[in-house]
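A closer look at the structure
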Amino acid sequence: MAGHDTEIVAIIEQMMTVAKPLRKFSGRLVLVGAGKMGSAMLEGWRARGLKPGQITVIEPQPGKTLKALARRGLKLNPKGKTAEASAVVIAVKPQTAPEAVPPLAGYVGPTTLVLSIMAGRPIGFLEKLLPRGAAIVRAMPNTPAAIGRGISVASANTGVSARQRKQASALLAAIGKVEWVSDEALMDAVTALSGSGPAYVFLLAEAMASAGIAAGLPPALATRLARETVAGSAELMRRSELDAATLRENVTSPGGTTAAALDILMGPDGFEHLLTQAIATATRRSRDLAG
Ligand SMILES: NC(=O)c1ccc[n+]([C@@H]2O[C@H](COP(=O)([O-])OP(=O)(O)OC[C@H]3O[C@@H](n4cnc5c(N)ncnc54)[C@H](OP(=O)(O)O)[C@@H]3O)[C@@H](O)[C@H]2O)c1
């Protein structure tokens, strides 16, 4: 297939994914913590057709959107007896977990999927606080989830069925792409790469702007050039079928200006060396924080 046709097919597939409803979701979905991530997920689920009447949200400080949804059937901070849910999504800060998780036990039955996006809280931590045998998926999303363009990596315990795995994928697809790892220990490296990764990209934009200023450009212009270059290149890479190395080679003429810069960036103490060190350090930090 010609490159152009493949690109069109990819765009159509992407639109279908975006529009794909949460068809298979029946029963009640409980969201615990509607902060930045929880709200992004809620918005994504709603865009995929989940009805307010199917959703319960536990959130100490509900905003306007949640209150408006509550008037349309969403259950907000319900009091009293809890009924078993189809899925419970935990999106509170990791440090809030010891107080936020135990009260959820009433929602968790033999067929309930528990999906946690808390950074650095292992599946074993949740297993201790929830009913025995609970089906638990731990996922690590990243900040572009706020615009539905994140990537989440998920890992499941042995209680998770194939159906629940699909359900978890569908719930996470609301904020972007989804990958799975069978070894939960890899979540530390995932955290260091895609979890912390947006910060590395923002730093790249900052460093490019500073370097442009040092090369004599007016600060505002350097900042705009750096920002649009990072954003535009990322979008080009996303839409292209070519891998990053080929895209780089395609804009590097032998003996030209890009090649001169890459000689420095790709040198022994260059970019790759620094990132390898940075990601290894972040991986160790993630492991230490999880205890
Ligand atoms: N943001 C990211 O880019 C990112 C990336 C990867 C993973 N994560 C994970 O996603 C989770 C949520 O992050 P976030 O950035 O969305 O944090 P956030 O904006 O602080 O959201 C957490 C929400 O939980 C609420 N909350 C506090 N105690 C609660 C309780 N007992 N029951 C129910 N809700 C409670 C908080 O309310 P109050 O504000 O009133 O305390 C807040 O609205 C974290 O565990 C984080 O590790 C986030």
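Whatever comes next refers back to the structure up there.
Procedures and definitions
- Residues numbered from 1 in each chain as written.
- Predicted model: local features only at pLDDT ≥ 70, side-chain atom pairs only at ≥ 80, totals over all residues.
- Heavy atoms only, no water.
- Pairing = 2+ DSSP bridges.
- Helix = DSSP H or I, 4+ residues; strand = E, 2+ residues; numbered from the N terminus.
- Contact = heavy atoms within 4.5 Å.
- Axes fitted to C-alpha atoms, helices over the stretch in contact; angles between N-to-C directions.
- Near = heavy atom within 4 Å.
- Polar contact = N/O pair within 3.5 Å; in protein donor to acceptor, adjacent residues only side chain to side chain.
- Areas by Shrake-Rupley, 256 points an atom, 1.4 Å probe, with all protein chains shown as cover.
- Nonpolar A, V, L, I, M, F, W, Y, C, P; charged D, E, K, R; others polar.
- Buried < 20%, exposed > 50% of the residue type's maximum accessible area, 1.4 Å probe, protein only.
- Parallel < 35°, antiparallel > 145°, perpendicular 65-115°, else oblique.

With that out of the way, let us pick up the sheet that holds strand S8 (residues 176-180). Sheets are built from strands paired through backbone hydrogen bonds, the pairs being either parallel or antiparallel. Read from one edge to the other, the open sheet built from eight strands follows the order S3-S2-S1-S4-S5-S6-S7-S8, with strand pairing classed as mixed. The sheet is open, and its two edges are formed by strand S3 (75-76) and S8, each paired on a single side. Sheet topology places strand S1 (residues 29-32) next to strand S2 (residues 55-58); four bridges connect them, and they run parallel. Among the inter-strand pairings, Val 32 is bridged to a residue of S2, identified as Ile 58. Packing against the sheet, helix H2 (residues 36-47) makes contact with S1, S2, strand S4 (87-90) and strand S5 (113-116), and its axis sits at approximately 155° to S1.

Near the ligand lie 23 residues; those nearest to it are Lys 36, Met 37, Glu 59, Gln 61 and Val 92. In the environment of the ligand, an oxygen atom lies 2.7 Å from a nitrogen or oxygen atom belonging to the side chain of Glu 59. Coverage of the ligand by the protein amounts to 78% of the 890 Å² it exposes when considered alone. Taken together, the elements giving at least two residues each to the shell around the ligand come down to H2 and helix H4 (97-100). Taken together, the residues of the shell around the ligand break down into 14 nonpolar, five polar and four charged.

With that out of the way, let us pick up helix H7 (residues 187-195). When you tally the buried positions in H7, you get seven out of nine residues, the bulk of the element. Within the sequence span of H7, burial applies to Met 187, Asp 188, Val 190, Thr 191, Ala 192, Ser 194 and Gly 195.

Among the structural elements, Ser 194 can be located in helix H7. Those residues within four positions of Ser 194 in sequence are excluded, and the remaining contacts are Asn 142, Ile 151 and Val 153.

Mapped onto the elements, Asn 250 comes out in helix H10 (residues 244-250). Counting along the chain gives 123 residues from Asn 250 to Glu 127, while the straight-line C-alpha distance between them is 49 Å.

The next point concerns the packing of H7 against helix H8 (residues 197-214). For the pair H7 and H8, the least separation of the axes is 5 Å and the interaxial angle reads 30°. On the basis of their axis angle, the class for H7 and H8 is roughly parallel. Contacts between H7 and H8 pair Ala 192, Leu 193, Ser 194 and Gly 195 from the former with Gly 197, Pro 198 and Tyr 200 from the latter. When the residues that make up the contact of H7 with H8 are grouped by side-chain class, the tally is four nonpolar, three polar and no charged.

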